[in-house]
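Topology and contacts: notes
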2 protein chains.
Amino acid sequence: MLPKIINVTVKDVRFPTSTEQHGSDAMHTDPDYSTAYVVLHTDSELKGFGFTFTLGKGTEIVVCAVESLSRLVVGKSLEEIVRDFRGFYRLLTSDSQMRWLGPEKGVIHVATAAVLNAVWDLWARAEGKPLWKLLVDMDPEQLVSCIDFRYITDVLTEKEAVDLLLKAQEGRQQREDQMLSEGYPAYTTSCAWLGYSDQQLQQLCADALRGGWTRFKLKVGADLEDDVRRCRLIRQMIGPNNTLMIDANQKWDVDEAVSWVSRLAEFKPLWIEEPTSPDDILGQALRYRFSETHSQTETITSPFSLKCHNRVMFKQLLQASALQFVQIDSCRLGSVNENLAVMLMAHKFKVPVCPHSGGVGLCELVQHLILFDYICVSASLNNRMCEYVDHLHEHFTSPVVIKDAHYLPPKDPGYSCEMLDSSVQRYQFPDGEVWLQMNK
Amino acid sequence: MLPKIINVTVKDVRFPTSTEQHGSDAMHTDPDYSTAYVVLHTDSELKGFGFTFTLGKGTEIVVCAVESLSRLVVGKSLEEIVRDFRGFYRLLTSDSQMRWLGPEKGVIHVATAAVLNAVWDLWARAEGKPLWKLLVDMDPEQLVSCIDFRYITDVLTEKEAVDLLLKAQEGRQQREDQMLSEGYPAYTTSCAWLGYSDQQLQQLCADALRGGWTRFKLKVGADLEDDVRRCRLIRQMIGPNNTLMIDANQKWDVDEAVSWVSRLAEFKPLWIEEPTSPDDILGQALRYRFSETHSQTETITSPFSLKCHNRVMFKQLLQASALQFVQIDSCRLGSVNENLAVMLMAHKFKVPVCPHSGGVGLCELVQHLILFDYICVSASLNNRMCEYVDHLHEHFTSPVVIKDAHYLPPKDPGYSCEMLDSSVQRYQFPDGEVWLQMNK
């Protein structure tokens, strides 16, 4: 007998990361990594935990949105939800009055992600498995029944999705065993936030190299000469054979991106992340313009998706060949349900999935998805890696485990969303102890 | 001495339109037309009124977002704002922490629209002019200084925008006089909501014909056989020479849209509105697929924009030749500032602007924008008309005036956003008299 959800609580939990410039980039100069943190209370002892990720101010709006969505959730049993998870997804995303506020974008969609993440956490706990294992053990039909195919059937039908999963079944056990022993490859963004000094960058990079890291991402986009200096510095530190990615966090207009990135091409970045507006699919196809202007086209590719807001945007980016890496996000897309759709579309288009992570808790969540992607969908590690940022893991009851720059598969039941009660209390905004002290 | 904003209040005002199926369409079966209604209080007697439009549930989230944005507005003088309106627009849309919640889409963007609409209303009142006249009297440089060109400079630069406005100056006085005497052509959506019976449709259509209406929009998309019957009915009523448009309100997937619309082609709709997801720029280019499948391509065009969320989406739709009519929206886009950008881009691409309207108050607002478009930008009425819906005007202090199916230019100072105090009180949710009685 699966539990019934009898209450939903949501809290505004903020970490004052801006005080030390952690997380700073060209567009987000002073983020306070935060969550709208959701707990599903049931008629049993089980609870479901979930959240979405925000940058501080405005988290109260997401909290308000979760409260509004709660009325669609309270009273539902887990059995009722998972028997028709597609229907439940659509209930949250396509309410006749509420969908005007999106649809499936912005505040209402990240709030939906928070609620659905908690439902998946609850389901995995009820099954006594970590989420990745729950997904790996599901048969293709059931997995696909969780996906809302609305607006993507011109690229991926339900039948095609089942077929893709069936085809990837060979070697699954072997890949699962491999993951359990080796873990999933990661890259680090912790060394090179935009607000860090050169000295800090060098120190962190040296530490990371000693720790076995081989793939590094650098924030760029505020000042071209600074970027040239920092790219040179990090490339000298890591040498020609390690991997460098750069991330402009939506800073540039299209033409500006072309000229700016041309200056940075000599440092051979594997990708340029978010060169321009997250809505600009056609602008993102700007990588084609590089091929007209110079010859380093093979290193100047642009994965574009960090804040891409739903499966319809990913569909088009893939249709337009506008990205070479798909960056799924566990808190911006509509939870596992919508990420499943995107992973399957990426597989169909033969584009590797390299999840966006970091923030607070994003690593904890997205590791489950990328393990599933490797074991059950892509069956490849070629050009694949999951972002890692070394912040704030201490606030979770089941923090990520990194070994030799690899994510080791989580073992605890659930989706690794649960935060320590003490952290929630201390960092709750505006009444937690940490904020009361800062505002003294 | 221009006034200074010292306080912002916002109210959740809902009209129970769902009880009579007004506004019902294939995706929004029971809308309660609503607003998040903003009042800017100043240190003078002047106030600024503004709102955004919603469908009922979830309006409380927009109210919360307006409250969060208020801290960026309180303390600013009108002079300070309009001296650098681009900077003020960007302050609201690009706050380093808040932009994560959009950027420029969903709840946070419609809340921004509500606040900026109130600022424009305040400005027009301070100048003692209706908003359209304030815009018409501004010189091109000042108009363009209100636009944030971020992410659109690959299609429209500031200099190009000024040039477009300068080129359109000839004949401006004549067009203004023409508008004052004749008004701007309108079409009606009031006859054919999806929830109306055939009898109701016929009655309303007969009334509209007698009232001088020649252009009609019909909601479609729920049931194909119903649509065929209703299209036949309305085409018979209005005859071959009047104009028919159909609106699917995002109901279809891409392939479904192609087959469905093919069945309705015989009724010669001028446009098919929102055939699929508002995010699907490439899917919207589906009109090209009609040309492969049958010969009525000239009547099967698809304007796509009703809920298109910002200038970056419009830019791409224009770049991709994915629409033949641009439907601006006074409450979904970032107020006058962003609509100016879209009108200028549409003009550059030679695509007519036909505003989305209806709801509650959208007619009151968007008439100002389309008057400006005709007088100062497009200088043409060819294939141009503004949506009109005959609902809820009685709640405004300066309601629209329609004569012979034309919008007569508003004369009162401001942006026609002000609602009657008595209406705000009665319809406030959940404590207004109307809602208290309904929930008894």
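These lines cover the structure that appears in this document, whether it is placed above or below. (Residues numbered from 1 in each chain as written. Chains lettered and ligands numbered in written order. Predicted model: local features only at pLDDT ≥ 70, side-chain atom pairs only at ≥ 80, totals over all residues. Heavy atoms only, no water.)

**A short note on the overall build of chain A**
Of regular secondary structure, chain A possesses 18 helices and ten strands. The C-alpha atoms of chain A give 21 Å as radius of gyration, which agrees with the globular expectation for 440 residues (22 Å, within 12%). Here chain A holds 440 residues, and 65% of them are scored as buried. By sequence separation, contacts in chain A at least 24 residues apart represent 75% of the contacts at least 6 residues apart. Split by element, the accessible area of chain A, about 14500 Å² in all, is 47% carbon and sulfur. One finds the centroid of the 44 positive side-chain charges in chain A at a distance of 3 Å from the centroid of its 58 negative side-chain charges. (Helix = DSSP H or I, 4+ residues; strand = E, 2+ residues; numbered from the N terminus. Rg over C-alpha atoms; globule rule 2.2 N^0.38 Å. Buried < 20%, exposed > 50% of the residue type's maximum accessible area, 1.4 Å probe, protein only. Contact = heavy atoms within 4.5 Å. Areas by Shrake-Rupley, 256 points an atom, 1.4 Å probe, with all protein chains shown as cover. Lys, Arg positive; Asp, Glu negative; His and termini not counted. Charge placed at Lys NZ, Arg CZ, Asp CG, Glu CD.)

**Structural notes on the sheet that holds strand 1 (residues 5-14) of chain A**
All names here are of chain A. On the basis of which strands lie adjacent, the open sheet formed by three strands has the order 1-2-3 and antiparallel pairing. Among the strands making up the open sheet, the edge pair consists of strand 1 and strand 3 (47-54). Going across the sheet, the axis of each strand differs from the next one's by a mean of 15°, ignoring polarity. Alignment of strand 1 against strand 2 (residues 34-42), held across nine bridges, turns out to be antiparallel. Looking across to strand 2, one finds that Val10 is bridged to Val38. Helix 4 (residues 106-127) contacts strand 1, strand 2 and strand 3 of the sheet and is inclined by roughly 150° relative to strand 3. (Pairing = 2+ DSSP bridges. Axes fitted to C-alpha atoms, helices over the stretch in contact; angles between N-to-C directions.)

**Re the interface of chain A and chain B**
Counting from both sides, the interface comprises 62 residues of chain A and, opposite them, 62 residues of chain B. In this assembly, chain A packs against chain B so that about 5400 Å² is buried in total across both faces, 55% of it on carbon and sulfur atoms. In this assembly, chain A and chain B are joined by four salt bridges. Of the charged contacts, one joins Lys315(A) and Asp280(B) as a salt bridge, the two residues approaching to 2.5 Å between their closest N and O atoms. Elements that contribute at least two residues to the side of chain A that touches chain B include exactly strand 3, helix 1 (59-70), helix 4, helix 11 (254-264), helix 12 (281-284) and helix 14 (311-319) of chain A. Per-element tally for the side of chain A that touches chain B: the top contributor is helix 1 of chain A, with six residues. Residues belonging to the side of chain A that touches chain B are distributed by class as follows: 25 nonpolar, 20 polar and 17 charged. (Buried area = accessible area lost by both parts, 1.4 Å probe. Salt bridge = Lys/Arg side-chain N within 4 Å of Asp/Glu carboxyl O. Nonpolar A, V, L, I, M, F, W, Y, C, P; charged D, E, K, R; others polar.)

**Brief notes about the pattern of salt bridges**
On inspection of all chains with the given rule, the structure shows 56 salt bridges over all chains. With a closest N to O distance of 2.4 Å, Arg311(A) and Glu104(A) form a salt bridge. With a gap of 207 residues between them, Arg311(A) in helix 14 and Glu104(A) in the loop between helix 3 (85-93) and helix 4 connect regions that are remote in the sequence. When sorted by exposure, Arg311(A) lands in the same class as Glu104(A), which is buried. Residue Lys217(B) is joined to Glu387(B) by a salt bridge in which the shortest nitrogen-to-oxygen separation is 3.1 Å. Pair noted here: Lys217(B) is in strand 5 (residues 215-219) and Glu387(B) is in strand 8 (residues 386-388), with a separation of 170 residues, a long-range link. Taken individually, Lys217(B) and Glu387(B) each receive the classification buried, so the pair is uniform in this respect. Each of Arg90(A), Glu104(A), Asp148(A), Arg311(A) and Glu338(A) takes part in salt bridges that share partners, so that together they form one network.

**Details of the pairing of strand 2 (residues 34-42) of chain B**
The buried fraction of strand 2 of chain B amounts to eight of the nine residues, a majority that puts the element mostly inside the structure. Adjacent in sequence and paired antiparallel, strand 2 of chain B and strand 3 (residues 47-54) of chain B are bridged by four residues.

**Some thoughts on the nonpolar core**
Grouped burial of nonpolar side chains is what soluble globular proteins tend to show. Core analysis: the largest hydrophobic core is formed by 289 residues, its most contacted members being Trp120(A) and Trp120(B). Trp120(A) has contacts with Phe85(A), Leu131(A), Leu134(A), Leu135(A), Met138(A), Cys146(A), Ser335(A), Val336(A), Asn337(A) and Tyr415(A), leaving out every residue within four places of it along the chain. (Core = buried A, V, L, I, M, F, W, Y, C linked by side-chain atoms within 4.5 Å.)

**Quick notes on the packing of aromatic side chains**
Aromatic rings in a pair are described by how distant their centres are and how their planes are angled relative to each other. What the rule picks out here adds up to 32 aromatic pairs over all chains. With a centroid separation of 5.9 Å and 85° between ring planes, the pair formed by Tyr388(B) and Tyr407(B) is classed as edge-to-face. Of this pair, Tyr388(B) sits in strand 8 while Tyr407(B) sits in strand 10 (residues 406-408), and the two are 19 residues apart along the sequence. By the burial criterion, Tyr388(B) is buried, and Tyr407(B) matches it. Aromatic rings pair up to connect Phe85(A), Phe88(A), Trp120(A) and Trp123(A) into one cluster. Sitting above the plane of the Trp100(B) ring, Arg332(A) keeps its charged end 4.7 Å from the centroid. (Phe/Tyr/Trp six-rings, centres within 6.5 Å; stacked < 30°, edge-to-face > 60°. Lys NZ or Arg CZ within 6 Å of the ring centre and 35° of its normal.)

**Description of the state of the cysteines**
Summed over the entire model, instances satisfying the criterion amount to zero disulfides over all chains. Not engaged in a disulfide, the cysteine Cys386(A) finds its nearest cysteine sulfur in Cys363(A); these two sulfurs lie 6.9 Å apart. There is no disulfide at Cys231(B), and the cysteine sulfur nearest it, in Cys205(B), is 12 Å away. (Disulfide = S-S within 2.5 Å.)

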